[in-house]
Amino acid sequence: MNYLFFTNTPAHVHLYKHAIQRLRDRGHEVLVLARDYTCTTDLLEWYELPYVVYGACGTSKGSLLSRLPAHYTRAITHARRFDPDLVFGMGGYAAHTGAVTRTPTVLLIDSEPASFDHTISTPFARSILTPNTFRKDLGANHYVFTGFKECAYLHPETYESDQSIRDRLDLETDEPYAILRLNAFGSQHDVGKRGITDDDYRRLVDHLGDDVTVLVSDESGDADLEGLSARSFDLHPALMHDALAEAELLVADTQTMVTEAALLGTPAIRSNSFVGADDMGNFVELENQGLIYNVASADAIIERAMPLLEATDTDEKWQRRRNALLADKVNLTDVIVDVAINEGHVDDLEALQQFGQTPEPEPAKSVGIGGD
């Protein structure tokens, strides 16, 4: 069979990379349609995945809208040439390309906004897959799995850390470090939202730098670290999860990396204007499991961070909580491969249940927006 995957962001590459390789190993043809956004194509090259670029997108809020017609034209053209039997993606590009080429489409969605994208994409999907923490009903073809989308690449059955990461980072064996991740806030769902400001990250570095080496990963590339006791994370982005696994702490105003930290057992503090009463269900669950903190200000970050760095049992606690969290979570790569082999029909797959047919998981209770 021919399988077409859309990767519009770096997170999408991680989501599908193992499933793509397994399908290729089974003799299937696979093509990735990639949007050249931040390090997406760098990751595709690193993992040696077959891809073509259908368009580019910067990190500014207006960079995507003006390019949509050309993006769609190229995506549909490439899809017709490839002639897929099934399309995988997360939104409009995949759904509409599938509709035009008359190809069934599977959407894998993990953010819950009452968004225009859901409205225009889900009616064209054969199946819609979401985590079981998802709180929005996306229709009759909506099915849930127990876990998070990051379980496709950070589930214990899938992920193995690179033990050379400290050497690559030029860190001593026992040198503690924290990662500060700054989001560009250039995506559609980021319009009107804010995260850690320039003044905020300078204050954070001043406080954190007394206890740990601070590595800054800045999506926009605009962070000025001159005069600060911090340095840039300058390794290939494919090595970020290995660095995250060894870190003492992640502080971030982004979304995906916070979930990744939780699945790796690394304490994480998330701060942006998505945080609040309408936050995403998965972040509510992760906080109630004791793996992350969702806060609204730099002062609150510092208040949470310093005790974590000073305690001697933080790593032990977080690994125990991480193991408890993952005890019943699916290996999402297995699920994606099964869905592919079943041509997008999911009724008989044990790992998936129709939305609303199982008891709502606790403690996640709220609905909101986010996602990278």
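Here the residue numbers are simple positions, counted from 1 along each chain's written sequence. Given that this is a predicted model, residues contribute local features only at a pLDDT of at least 70 and side-chain atom pairs are listed and counted only at 80 or more, while totals for whole chains, interfaces and linings are drawn from all residues. Heavy atoms from the whole structure form the basis of all side-chain values; hydrogens and water molecules are not counted.

Here a strand is any run of E in DSSP of at least two residues, a helix any run of H or I of at least four, and the numbering for each starts at the N terminus. As for its position among the elements, Ala56 is in strand S3 (residues 51-56). When a residue's accessible area, from a 1.4 Å probe over protein chains only, is under 20% of the maximum for its type it is buried; when over 50% it is exposed; and in between it is partly exposed. By relative accessible area, which is 28% here, Ala56 ends up partly exposed. We call two residues in contact whenever any of their non-hydrogen atoms come within 4.5 Å of each other. Once residues lying within four places of it in the same chain are set aside, the contact partners of Ala56 are Arg35, Asp36, Arg67 and His71.

Our next topic: the pattern of salt bridges. Side chains that differ in sign of charge can pair as their charged atoms come close. Salt bridge criterion: a side-chain nitrogen from Lys or Arg within 4 Å of a carboxyl oxygen from Asp or Glu. Tallied over the full model, the rule gives 10 salt bridges. With a shortest N-O distance of 3.3 Å, Lys149 and Asp110 are connected by a salt bridge. Taken as a pair, Lys149 in the loop between strand S7 (142-145) and helix H6 (165-168) and Asp110 in the loop between strand S5 (105-108) and helix H5 (116-121) lie far apart in primary sequence, 39 residues in all. For the pair formed by Lys149 and Asp110, the shared burial category is buried. A salt bridge links Asp299 to Arg203, with the nearest nitrogen and oxygen atoms 2.5 Å apart. Highlighted residues: Asp299 in helix H11 (residues 298-310) and Arg203 in helix H7 (residues 198-208), separated in sequence by 96 residues. By relative accessible area, which is 48% here, Asp299 ends up partly exposed. The exposure class assigned to Arg203 is partly exposed, which follows from its relative accessible area of 33%.

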